[in-house]
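Spelled out from the first residue to the last, the chains are:
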Amino acid sequence: MEPMTAYQLRPKTVAKHCNEHDCWVIVNGKVYDVTLFLDKHPGGKDILLSYAGKDATAALEGAGGHEHSKYAFKLLEEYYLGRVVSQEENLIDQEKRLAEADTKESVSKLALNVDNLVDFQKPLLPQVGMLGELYDVWVHSFPTTDHTVALFPNPLLEKLTRCKWYVPLVFWIPIICYYLWYLISRGDCSLEAFGFFSVLGYFSWLLFEYVLHRYVFHMKTTSYYANIFHFLLHGHHHITPLDSERVVFPPAPAVLIASPFWLGMPKLLGIVKGYSWLFGFAVGYLCYDMTHFWIHQGAPKLSFLKSQKRRHVIHHYREPQMNFGISNPFYDIVFGTLVKEGKTSPVNCTD
């Protein structure tokens, strides 16, 4: 079952995207992410920012003394995310979609107000486990526009779930440099071998990132502990994607995930090839973390990062089952999960 709210965004969700790093506007009932258009706007970005998170229909239709051309409206479609719906419309759609999924009537009624399924003033992990089959619906329904939520009742555990953007760099770069020095000091690592296996390691990371994001981060869960595991791993990020301290992976879980590769590849490929492969894999990981942080928290200037931001915004707010590549769209292209702008047929979007 697809997330119910794909292509449908409530005004309170739009209102949160109201700065130069994350600027959405509403025009004729449709939502547009114009963050990457700010610097291109002929009238200057300040005018657009004055409507950030708000309805700009009147302004585009001439209320401010300047009626925009048909070309302007056509250009705007490049930044389309979905349509804005009232709370009532949203609830009706959720009930309909649950009914189509053969969900029990009692469950359908419970799902009508996703905002009230949990108490956001309390730690969420114990609560999401109780959502059962509703969890997958809830986690993709933008039930809160808060910048952050509490996960654990324990303050220490809660602190361990947070991570400043630079911590992975501080933690991993010295380790990467040490093993790079170790390879060089051995004297038996050719530049050709290092280059080949480093590139192989980098593309291995891209595949690992894609598989992890598609099949683990977006698996559908229904049981108590599975819901908790998923929310801790990735679900919380879809609830509060603007939380700057929960965008990069903290070192502790990263070490757990990396250990089998770090211990296994030198044995599988040999010291030189194995550590060369790990160099590319580790660089790929850092590129992933930094790209993920920047496309959520910044306004990229480079065209590649701009396109990555656009793809990832679509993943979060329009097509959660597409655009899984974060640092690079290579495997989305290979496996056919890349959204092709202009060729998508929004299921729930009608003029």
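Only a predicted model underlies this, so the values are computations on that prediction, with no experimental measurement involved. (Residues numbered from 1 in each chain as written. Predicted model: local features only at pLDDT ≥ 70, side-chain atom pairs only at ≥ 80, totals over all residues. Heavy atoms only, no water.)

**Focus: the overall build of the protein**
Okay, step 1: Secondary structure summary: the protein contains 16 helices and six strands in total.
Okay, step 2: Classification of the 351 residues of the protein by burial places 48% in the buried group.
Okay, step 3: When contacts within the protein are restricted to residue pairs at least 6 apart in sequence, long-range pairs at least 24 apart make up 71% of them.
Okay, step 4: For the protein, the exposed surface amounts to about 17,300 Å²; the carbon and sulfur share of it is 64%. (Helix = DSSP H or I, 4+ residues; strand = E, 2+ residues; numbered from the N terminus. Buried < 20%, exposed > 50% of the residue type's maximum accessible area, 1.4 Å probe, protein only. Contact = heavy atoms within 4.5 Å. Areas by Shrake-Rupley, 256 points an atom, 1.4 Å probe, with all protein chains shown as cover.)

**Side note on the packing of helix α13 (residues 251–269) against helix α14 (residues 271–297)**
Okay, step 1: Remark: α13 packs on α14, axes separated minimally by 6 Å, with the N-to-C direction vectors making an angle of 155°. Judged by the angle between their axes, α13 and α14 are roughly antiparallel. As for how α13 packs across α14, the hand of that crossing is right-handed. Residue-level contacts link Ala-254, Phe-261, Trp-262, Met-265, Pro-266 and Leu-269 of α13 to Ile-271, Lys-273, Gly-274, Tyr-275, Trp-277, Leu-278, Phe-281, Ala-282 and Tyr-285 of α14.
Okay, step 2: Here the contact of α13 with α14 is built from residues that sort into 13 nonpolar, one polar and one charged. (Axes fitted to C-alpha atoms, helices over the stretch in contact; angles between N-to-C directions. Parallel < 35°, antiparallel > 145°, perpendicular 65-115°, else oblique. Left-handed = near helix turned anticlockwise from the far one by under 90°. Nonpolar A, V, L, I, M, F, W, Y, C, P; charged D, E, K, R; others polar.)

**Notes on the pairing of strand β6 (residues 80–84)**
Okay, step 1: Counted residue by residue, β6 has five buried out of five residues, so it is predominantly covered.
Okay, step 2: Across two bridges, the pairing between strand β1 (residues 8–9) and β6 is parallel. Across the sheet, the residue bridging to Gln-8 is Arg-83, located in β6.
Okay, step 3: Direction of pairing for strand β4 (residues 30–33) relative to β6: antiparallel, over a ladder of three bridges. By the bridge assignment for β6, Tyr-32 is matched with Tyr-80. (Pairing = 2+ DSSP bridges.)

**Notes on the UniProt feature "binding site: heme" (unreviewed entry) in the protein**
Okay, step 1: Feature annotation in UniProt places "binding site: heme" (unreviewed entry) on His-41 and His-68, given in this structure's numbering. Spanning 28 residues, the named residues nonetheless gather at one spot, since no C-alpha pair among them exceeds 11.9 Å.
Okay, step 2: By secondary structure assignment, the location of His-41 is in the loop between β4 and α2 (45–49).
Okay, step 3: What His-41 contacts, discounting residues up to four positions off in sequence, is Ile-47, Leu-48 and His-68.
Okay, step 4: Mapped onto the elements of the fold, His-68 is located in the loop between α3 (57–60) and α4 (70–76).
Okay, step 5: His-68 has contacts with His-41, Ala-59, Leu-60 and Phe-73, leaving out every residue within four places of it along the chain. (UniProt positions renumbered as here; feature names shortened; annotations may be inferred.)

**Some details on the packing of aromatic side chains**
Okay, step 1: Counting across every chain of the model gives 36 aromatic pairs.
Okay, step 2: When the centroid spacing of 5.2 Å and the interplanar angle of 80° are considered together, the rings of Phe-208 and Phe-261 count as edge-to-face. Of this pair, Phe-208 sits in helix α11 (residues 191–216) while Phe-261 is found in helix α13, placing the two residues 53 residues apart along the sequence.
Okay, step 3: Judged by its relative accessible area of 22%, Phe-208 falls in the partly exposed class.
Okay, step 4: Exposure remark for Phe-261: the relative accessible area of 23% places this residue in the partly exposed category.
Okay, step 5: Above the face of the Tyr-80 ring, Lys-30 is positioned so that its terminal group lies 5.8 Å from the ring centre. (Phe/Tyr/Trp six-rings, centres within 6.5 Å; stacked < 30°, edge-to-face > 60°. Lys NZ or Arg CZ within 6 Å of the ring centre and 35° of its normal.)

**Quick word on the nonpolar core**
Okay, step 1: Judged by nonpolar contacts, the single largest core of 26 residues is most densely connected at Trp-172, Trp-205, Trp-262, Leu-278, Tyr-285 and Tyr-288.
Okay, step 2: Considering each element in turn, this core owes the most residues, nine residues, to α14. (Core = buried A, V, L, I, M, F, W, Y, C linked by side-chain atoms within 4.5 Å.)

**Some words on the pattern of salt bridges**
Okay, step 1: In this structure the tally under the stated criterion is nine salt bridges.
Okay, step 2: We note a salt bridge from Asp-188 to Arg-186, for which the minimum N-O separation is 2.8 Å.
Okay, step 3: Judged by relative accessible area, Asp-188 falls into the partly exposed class, the value being 42%.
Okay, step 4: Connected through shared salt-bridge partners, Glu-158, Arg-162, Lys-164, Asp-243, Glu-245 and Arg-246 make up one network. (Salt bridge = Lys/Arg side-chain N within 4 Å of Asp/Glu carboxyl O.)

**Notes on the pairing of strand β3 (residues 22–27)**
Okay, step 1: Taken across its six residues, β3 has six buried, putting it largely inside the fold.
Okay, step 2: Here β3 shows no split at all, with Asp-22, Trp-24 and Ile-26 on one side and Cys-23, Val-25 and Val-27 on the other all buried.
Okay, step 3: Bridging between strand β2 (residues 18–19) and β3 involves two bridges; their strand directions are antiparallel. If you follow Cys-18 over to β3, its bridge partner there is Cys-23.
Okay, step 4: Relative to β4, β3 runs antiparallel, the two being bridged by four bridges. Note on β4: the bridge partner recorded for Ile-26 is Val-31.
Okay, step 5: Once β3 ends, the chain turns through two residues before running back antiparallel as β4, passing Asn-28 with a positive phi of about 50°.

**What to know about a nonpolar patch on the surface**
Okay, step 1: Residues Val-199, Phe-203, Leu-207, Val-211, Tyr-215, Phe-330, Val-334 and Phe-335 make up a contiguous nonpolar surface patch of about 690 Å² in total accessible area.
Okay, step 2: Only α11 and α16 (330–335) provide two or more residues apiece to the nonpolar patch.
Okay, step 3: Counting residues per element, the nonpolar patch draws most heavily on α11, at five residues.
Okay, step 4: Its place among the elements puts Leu-207 in helix α11. (Patch = residues over 30% accessible without salt bridge, like charges linked within 9 Å, V, L, I, M, F, W, Y side chains within 5 Å.)

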